[in-house]
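Chain by chain, the residues:
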Amino acid sequence: MSDLRLSGITYVLSRTLLDDVSLDFKAGELTALSGPSGSGKTTLLSVAGGLIEPTSGTSSYADGSMWLGTGDPRPEVAFVLQVYGLVPILSARENVSVALRARGVKPAEADERAEAALARFHIADLGDRQVEELSGGQMQRVALARGLCVGAGVLLADEPTSELDEGNRGLVLAELRKEADRGAVVVVATHDPAVADACDAHYVIDEGRLVDHVEEVHFEHFAHPERRLVEEAAPPHFDDMPAAAPATGERAPDEPAPEPTPAPARHRLSEDDAAFRRPDPK
Ligand SMILES: Nc1ncnc2c1ncn2[C@@H]1O[C@H](COP(=O)(O)OP(=O)(O)OP(=O)(O)O)[C@@H](O)[C@H]1O
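Nothing here was measured: the structure is a model prediction, and the numbers come from that model.

Q: Just to check I follow, could you spell out the environment of Arg182 for this structure?
A: In this fold, Arg182 is placed in the loop between α5 (166–181) and β8 (185–189). Given a relative accessible area of 40%, Arg182 falls into the partly exposed group. The spacing of Arg182 and Gly151 is 31 residues in sequence and 8.9 Å in space, taken between C-alpha atoms. When sequence neighbours within four positions are dropped, the list of residues in contact with Arg182 reads Gly151 and Ala152.

Q: For this particular structure, what's the right way to read the side chain of His191?
A: Structurally, His191 is set in the loop between β8 and α6 (193–198). At a separation of 3.3 Å, a polar atom in the side chain of His191 contacts the side chain of Glu159.

Q: I keep staring at the pattern of salt bridges and nothing clicks. Help me out?
A: Pairs can form between side chains of opposite charge whenever their charged atoms are close. For the structure on display, the rule yields 15 salt bridges. Note that Glu175 and Lys178 form a salt bridge whose closest N and O atoms lie 2.9 Å from each other. Taken together, the residues Glu175 and Lys178, both in helix α5 and three residues apart, mark about one turn of the helix. Note on Lys178: relative accessible area 48%, which makes it partly exposed. Here Glu179 ties to Arg182 by a salt bridge, and the two come within 2.5 Å at their closest N and O atoms. Look at the salt bridges and you will find they share partners, linking Arg120, Glu175, Lys178, Glu179 and Arg182 into a network.

Definitions and limits used
Residues numbered from 1 in each chain as written. Predicted model: local features only at pLDDT ≥ 70, side-chain atom pairs only at ≥ 80, totals over all residues. Heavy atoms only, no water. Helix = DSSP H or I, 4+ residues; strand = E, 2+ residues; numbered from the N terminus. Buried < 20%, exposed > 50% of the residue type's maximum accessible area, 1.4 Å probe, protein only. Contact = heavy atoms within 4.5 Å. Polar contact = N/O pair within 3.5 Å; in protein donor to acceptor, adjacent residues only side chain to side chain. Salt bridge = Lys/Arg side-chain N within 4 Å of Asp/Glu carboxyl O.

See below:
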């Protein structure tokens, strides 16, 4: 078992997309990575898994660099991509099987294992279906089956539950937990607070930087799922909302007008928000 260690990762294109990120993703744990849309989660997973070379800093696993100089990940690494990366004209089973064949598994065995991987996500009956005929949620589960079937030491999943209903989200979390339990590093980039809450560790990035305290994450930058959940948890209260209108009921002539109810202060994410609570340290 080995941790995935990021040390001083900076990545600059036309601007700085990642800024001096250092953290350890621990083997045997589920780790959530969250933050506003565009904050750098996908970029961080790509650097962590060896798809792109950091401008400075290192990503290392089992004492070796993740960046091999080619953009190909090490064989110990599996990705579940945000855009799935499936081949549309292949069947669901073939899409999973090719990941195993690429790792040297014989075709017959690869097909058998692909079938079993689809069954883990309750889509064994879709094995013969061409991917382009599947729904978004079904494609997402094929991508998960492909990522999890190889028994990788490092599993990097980019928003793996974004298309799923609650039942399937629970199923996916249970399967990711099994991967961690066999000793893998499992990192999940997510906008879903329920997923983050189910993880053992939770890192937040904002504008390419690791955020130490969740309070520093600006509420208004977050994508809609969190925003909706936070708004449901507390009534609307924005600085720019007008103060509540005075009651319009009839008043006696000498009765003073009621004081307008001040609008509550803008809500900020805090450690009290279930939406972004860090798990208790063990
Ligand atoms: N090839 C690229 N060239 C220039 N900018 C890029 C490139 N790829 C990503 N970016 C920018 O880097 C920033 C981080 O993008 P990234 O996809 O890592 O964010 P994210 O946190 O995963 O977002 P989301 O939650 O929306 O998936 C964004 O501002 C994005 O526009």
